[in-house]
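The chain contents come next:
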Amino acid sequence: MIHIAGVQKYFDGYHALRDINLDIARGEVVVVLGPSGSGKSTLCRTINRLETIEEGTIAINGTPLPEEGKELAALRSDVGMVFQQFNLFPHLTIKDNVTLGPKKVRKMPSAEADALALQLLERVGIANQADKYPAQLSGGQQQRVAIARALAMKPKVMLFDEPTSALDPEMVNEVLDVMTDLAQEGMTMVVVTHEMGFARKAADRILFMADGQVVEDTDPESFFDNPQSERAKDFLAKILVH
């Protein structure tokens, strides 16, 4: 579903991604872990070209990501993205936030888009909030709206870039529960997160990044119980100690 070959990314003189080669199968849930500045979010953002790359190729479902233009917009609509900040339109109701993409991009009839929005809001547990505005919802509820909005485009792939790091602790689980359900339903997912419990439970694969490189690529049990690299051992020792 996602094919990444020889990807290099620089920010000015800084080498942010170093020769990334990666294949992610349809229905696979890949969780990306690593210290701050390791390239996790940058990798996530290159998959739908929110960040450009200097070298290499990225393909979604067999189609290389175009540089720009209508082809990029079309392919990007197949890749849902949920950010750390919810990025909802404050002047639109919850339902209108969810229906905007399907109506504008997919040219879905209004009645169909409205029905889909309510179905998705039901799925993420907030159908009763459909006529409210984002400011009237908690952070956890807003992030669930953001997930529903991404799903409304019927994406082939979902990218999550630290989706719970802006939330109060008691709201984290309500978002992770929705993501876990999605994973169990077979959605192809790339998740950048610091939530180790979710990584252990929901991931098919763990990618551990450091210094712009994928240092380990393995299953959760192997990573958490028997990390191979010193960087991963050091990382786990720091975060699992409490």
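These numbers were taken from a predicted model, which means no experiment stands behind them.

## Re the overall build of the chain
Scanning the chain from N- to C-terminus turns up 9 helices and 10 strands. Scaling as 2.2 N^0.38, a compact globule of 242 residues should have a C-alpha radius of gyration of about 18 Å, and the chain matches this with 18 Å. By the burial criterion, 53% of the 242 residues in the chain qualify as buried. Once local pairs closer than 6 in sequence are excluded, the contacts in the chain between residues at least 24 apart make up 65%. Mean positive and mean negative side-chain charge positions of the chain (25 and 34 charges, respectively) differ by 6 Å.

## Regarding the UniProt feature "domain: ABC transporter" (unreviewed entry) in the chain
Under the UniProt annotation, the feature "domain: ABC transporter" (unreviewed entry) is placed at residues 2-236. As annotated, residues 2-236 comprises 38% helix and 26% strand, and the C-alpha atoms at either end are separated by 27 Å.

## Quick look at the side chain of serine 38
Following the sequence through the fold, serine 38 ends up in the loop between strand E3 (29-33) and helix H1 (40-46). We classify serine 38 as buried; its relative accessible area is 1%. When neighbours within four sequence positions are excluded, serine 38 is seen to be in contact with Ala16, Met209, Ala210, Asp211, Gly212 and Gln213.

## Thoughts on the nonpolar core
Generally speaking, nonpolar side chains in soluble globular proteins are found buried as a group. With 52 residues, the main nonpolar core has Leu33, Leu121, Ile147, Met158, Phe160, Met179 and Met189 as its most contacted residues. Here this core gets 8 residues from one element, more than from any other, and that element is helix H6 (residues 169-184). Those residues in contact with methionine 158 that lie beyond four places of it in its chain are Gly80, Val82, Ile147, Ala150, Leu151, Leu182, Met187, Thr188, Met189 and Val190. If you look at the next biggest cluster of nonpolar residues, it comprises 27 residues, including Met1, Leu17, Ile58 and Leu75.

## Quick notes on the pairing of strand E4 (residues 55-60)
As judged from the 5 bridges shared by strand E1 (residues 2-11) and E4, these two strands associate in the antiparallel manner. Directly across from glutamine 8, in E4, lies its bridge partner glutamate 55. The pairing of E4 with strand E5 (residues 63-64) spans 2 bridges and is classified as antiparallel. Bridge assignment links isoleucine 60 to a residue of E5, and that residue is threonine 63. Between E4 and E5, which pair antiparallel and follow one another directly, the connecting turn spans 2 residues, one of which, asparagine 61, has a positive phi of 50 degrees.

## Observations concerning the side chain of glutamine 141
Assignment of secondary structure puts glutamine 141 in helix H5 (residues 139-151). Among the residues examined, glutamine 141 registers a relative accessible area of 18% and is labelled buried. The residues contacting glutamine 141, other than those within four sequence positions of it, are Ile126, Gln129 and Glu174.

## Re H5
Over its 13 residues, H5 extends 18 Å from the first C-alpha to the last, a length consistent with the 18 Å expected when each residue adds 1.5 Å. Taking burial as the measure, the 13 residues of H5 include 13 buried ones, the bulk of the element.

## Description of the packing of H5 against H6
Contact geometry of H5 with H6 gives a least axis separation of 8 Å together with a crossing angle of 20 degrees. The angle between H5 and H6 places the two elements in the roughly parallel class. In the crossing of H5 with H6, the sense of the turn from one axis to the other is right-handed. Contacts between H5 and H6 involve Gly139, Gly140, Gln141, Gln143, Arg144, Ile147 and Leu151 on the former and, on the latter, Met171, Glu174, Val175, Val178, Met179 and Leu182. Of the residues contributing to the contact of H5 with H6, the split by class is 7 nonpolar, 4 polar and 2 charged.

## Some words on the pattern of salt bridges
Enumeration according to the criterion identifies 13 salt bridges in this entry. Lysine 238 serves as the salt-bridge partner of aspartate 234, at 3.1 Å between the closest nitrogen and oxygen. Pair noted here: aspartate 234 and lysine 238 are both in helix H9 (residues 230-239), with a separation of 4 residues, about one helical turn. Judged by its relative accessible area of 37%, aspartate 234 is partly exposed. What you see here is one network of salt bridges that share partners, running through Lys9, Arg45 and Glu51.

Calculation notes
Residues numbered from 1 in each chain as written. Predicted model: local features only at pLDDT ≥ 70, side-chain atom pairs only at ≥ 80, totals over all residues. Heavy atoms only, no water. Helix = DSSP H or I, 4+ residues; strand = E, 2+ residues; numbered from the N terminus. Rg over C-alpha atoms; globule rule 2.2 N^0.38 Å. Buried < 20%, exposed > 50% of the residue type's maximum accessible area, 1.4 Å probe, protein only. Contact = heavy atoms within 4.5 Å. Lys, Arg positive; Asp, Glu negative; His and termini not counted. Charge placed at Lys NZ, Arg CZ, Asp CG, Glu CD. UniProt positions renumbered as here; feature names shortened; annotations may be inferred. Core = buried A, V, L, I, M, F, W, Y, C linked by side-chain atoms within 4.5 Å. Pairing = 2+ DSSP bridges. Expected span 1.5 Å × (residues − 1). Axes fitted to C-alpha atoms, helices over the stretch in contact; angles between N-to-C directions. Parallel < 35°, antiparallel > 145°, perpendicular 65-115°, else oblique. Left-handed = near helix turned anticlockwise from the far one by under 90°. Nonpolar A, V, L, I, M, F, W, Y, C, P; charged D, E, K, R; others polar. Salt bridge = Lys/Arg side-chain N within 4 Å of Asp/Glu carboxyl O.

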